[in-house]
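Summary of the model geometry
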Amino acid sequence: MASESNLKSMAELTALCKRRGFIFQSSEIYGGIGGCWDYGPYGVELKNNIKQSWWNDMTLREDVVGLDSSILMHPTVWKASGHIDGFSDPLVDCKNCKERYRADNIDLGKPCPKCGSKDSFTDIRQFNLMFKTELGAVEDSSSTIYLRPETAQGIFVNFLNVQSTMRKKLPFGIAQIGKAFRNEITPGHFIFRTREFEQMEMQFFVKPGSQKEVMAQWKEIRWNWHLKNGLREEKLRWAPHGPDSLAHYADDATDIEYEFPIGWGEIEGIHSRTDFDLSAHEKFSGKSLSYIDQADGNKKYIPYVIETSVGCDRTLLAVLSDAYRLENAGDKEKERTVMKIDAKLAPVKVAVMPLSKKSQLEEIARKIFKNVGSAYKAEYDVSGSIGKRYRRQDEVGTPFCVTVDFDTLEDQAVTIRDRDSMAQERVNIDQMENYLKDKL
Ligand code: GAP
């Protein structure tokens, strides 16, 4: 049996996600739209569990509080943050087939990879990744606003609101989960690079000079969070940024990468953002964003910031990639695909199944489902052979299946099947609650 993920391609995972109701292409009946995906019933449960896991890890501590800021913000925010002038990718088009490429992703000396045409690329242009829209009824340049390309700026502009209302002393952080939008030139690899995605970001405000030490602490916390979600450590690595690849706001940065079937890819960035953003907002807004440090003789300064920024969708992709097992390949009879998702994140925790549609069995199974379902996300499944129902729950990643059979009528016990080992145990109905509590 495969004890480690043996996912070979993103296509395999994409197919499972569609087949089992995790993720669908956006607007599929119209032919889809590039770089946008919809989360189905199981996908949204998994995503919510990942967000909850992050939110708990971040905010069940004294020095971090939460925020939910708006997606649409004053356009000057993006001038100040540097996104209007600097948030762009170099772009070329093939003059022959009109295919668009990121100039840094292809060899411009070679023929177009799509149509084979030689010497046919346009000059390199800088393409800003922010989506524009209009605020209000009048369309003119003064009403142009942007869909936020990162959630972080909502935190920066609220720094003093949060600090003063929560009476927070440095160091402290503000955490936020929300949608971000980037008009990526080359979205792809399923949900790895999309145009609409969710970020889970935290800005930790610190005294200038302490940023190195604090960054080291957050690096450890963030690494451990990925392990707590069940990702295998050998599939994770650090990718520090050298001076050439630092974002315009950072004096130090490192990514956490996961080894997907497409290769290593960034899932999280940890950035030392200095006082770049708060200083810029102070300058552009004309409002002071300084902090008065009572612990240091009322010294006034603009805090430095350590940012942790993780993609919710990329974490979900890593969790699914890591969980995937095709077991007993080669023996078609016994073959199964099973998603060994950490029980805490699994979209459904327990499936309740009467062996057949006989009313005596259904009556007991419904009762059990009602009880279990009030404590855990549970599913009632009565259609198809028991083997097929197990396979379906395996592909969804359901840790436990509870089967009510004819013996139940005699012994008041059910069979509980473990997803990973497929071992089956007979458990008395009145002990089921404790059994599941223990295991989950
Ligand atoms: N506030 C800092 C920031 O936005 P980033 O490295 O550009 O930093 C942080 O993005 C995280 O957001 C990435 O590590 C990734 O997980 C996710 N992310 C960025 N662009 C994405 C895209 N186009 N599709 C899906 N996730 C993306």
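What you see is a predicted model; the values in this text were computed from it and never measured.

Criteria and thresholds
- Residues numbered from 1 in each chain as written.
- Predicted model: local features only at pLDDT ≥ 70, side-chain atom pairs only at ≥ 80, totals over all residues.
- Heavy atoms only, no water.
- Near = heavy atom within 4 Å.
- Polar contact = N/O pair within 3.5 Å; in protein donor to acceptor, adjacent residues only side chain to side chain.
- Areas by Shrake-Rupley, 256 points an atom, 1.4 Å probe, with all protein chains shown as cover.
- Helix = DSSP H or I, 4+ residues; strand = E, 2+ residues; numbered from the N terminus.
- Nonpolar A, V, L, I, M, F, W, Y, C, P; charged D, E, K, R; others polar.
- Buried < 20%, exposed > 50% of the residue type's maximum accessible area, 1.4 Å probe, protein only.
- Domains from an automatic or database assignment.
- Contact = heavy atoms within 4.5 Å.
- Buried area = accessible area lost by both parts, 1.4 Å probe.
- Salt bridge = Lys/Arg side-chain N within 4 Å of Asp/Glu carboxyl O.
- Axes fitted to C-alpha atoms, helices over the stretch in contact; angles between N-to-C directions.
- Left-handed = near helix turned anticlockwise from the far one by under 90°.
- Phe/Tyr/Trp six-rings, centres within 6.5 Å; stacked < 30°, edge-to-face > 60°.
- Lys NZ or Arg CZ within 6 Å of the ring centre and 35° of its normal.

1. Observations concerning the site of the ligand
Taken together, 21 residues form the shell around the ligand, and within it E150, E184, T194, E201 and E266 come nearest. A distance of 3.4 Å separates a nitrogen atom of the ligand from a polar atom in the backbone of F192. Backbone polar atom of T194 to a nitrogen atom of the ligand: 2.8 Å apart, as the coordinates give it. With the chains in place, 93% of the 550 Å² that the ligand exposes on its own is no longer accessible. If you list the elements that add at least two residues to the shell around the ligand, you get β10 (196-206), β13 (263-274) and β16 (304-311). In terms of residue count, β13 provides more of the shell around the ligand than any other element does, 6 residues in total. Residue classes in the shell around the ligand are distributed as 5 nonpolar, 6 polar and 10 charged.

2. What about the environment of E201?
Here E201 lies in strand β10. On the accessibility criterion, E201 (1% relative accessible area) is buried. Separated by 160 residues in sequence, E201 and P41 have C-alpha atoms that sit 25 Å apart. Within the structure, E201 has its side chain in polar contact with the side chain of S309 (distance 2.6 Å).

3. Here's the deal with the domain arrangement of the protein chain
A common way to state how big an interface is: give the accessible area lost once the parts meet. For the protein chain, the assigned domains are domain 1 (4-87 + 129-321) and domain 2 (348-439). Taking only C-alpha atoms, the centre of domain 1 and the centre of domain 2 are 39 Å apart. Listed per partner, the contact involves 7 residues of domain 1 and 7 residues of domain 2. When the buried surface of domain 1 facing domain 2 is broken down by residue, R20, Y42 and E45 rank first, second and third, together holding 69% of it. Counting the contacts that link domain 1 with domain 2 gives 3 salt bridges. Residues R20 and E395 are paired through a salt bridge, measuring 2.9 Å at the closest nitrogen-oxygen approach. Taken together, the connections running from domain 1 to domain 2 amount to 3 residue pairs in polar contact (both at pLDDT 80 or more). Mapped onto the side of domain 1 that touches domain 2, the elements with two or more residues apiece are α1 (10-19) and α2 (41-59). Broken down by element, the residue count for the side of domain 1 that touches domain 2 peaks at 3 residues, all from α2. Its residues assigned to classes, the side of domain 1 that touches domain 2 comprises 3 nonpolar, 1 polar and 3 charged.

4. A few points about the packing of α2 against helix α7 (residues 211-228)
Interaxial distance between α2 and α7 falls to 11 Å at its minimum, and their mutual angle equals 145°. The way α2 lies across α7 gives a crossing that is right-handed. Along the contact surface, α2 presents I50, S53, W54, D57 and M58, while α7 presents W218, I221, R222, W225 and K228. In terms of residue class, the contact of α2 with α7 is built from 6 nonpolar, 1 polar and 3 charged.

5. Quick word on the packing of aromatic side chains
Given two aromatic rings, their pairing is described by the distance between the two centres and the angle made by the two planes. For the structure on display, the rule yields 15 aromatic pairs. Through successive ring pairs, a cluster of aromatic residues spans F156, F159, F172 and F205. For R314, the ring lying beneath its charged end belongs to F192, and the centroid distance is 3.8 Å. R366 extends its terminal NZ or CZ atom over the ring of Y380, reaching a point 3.7 Å from the ring centre.

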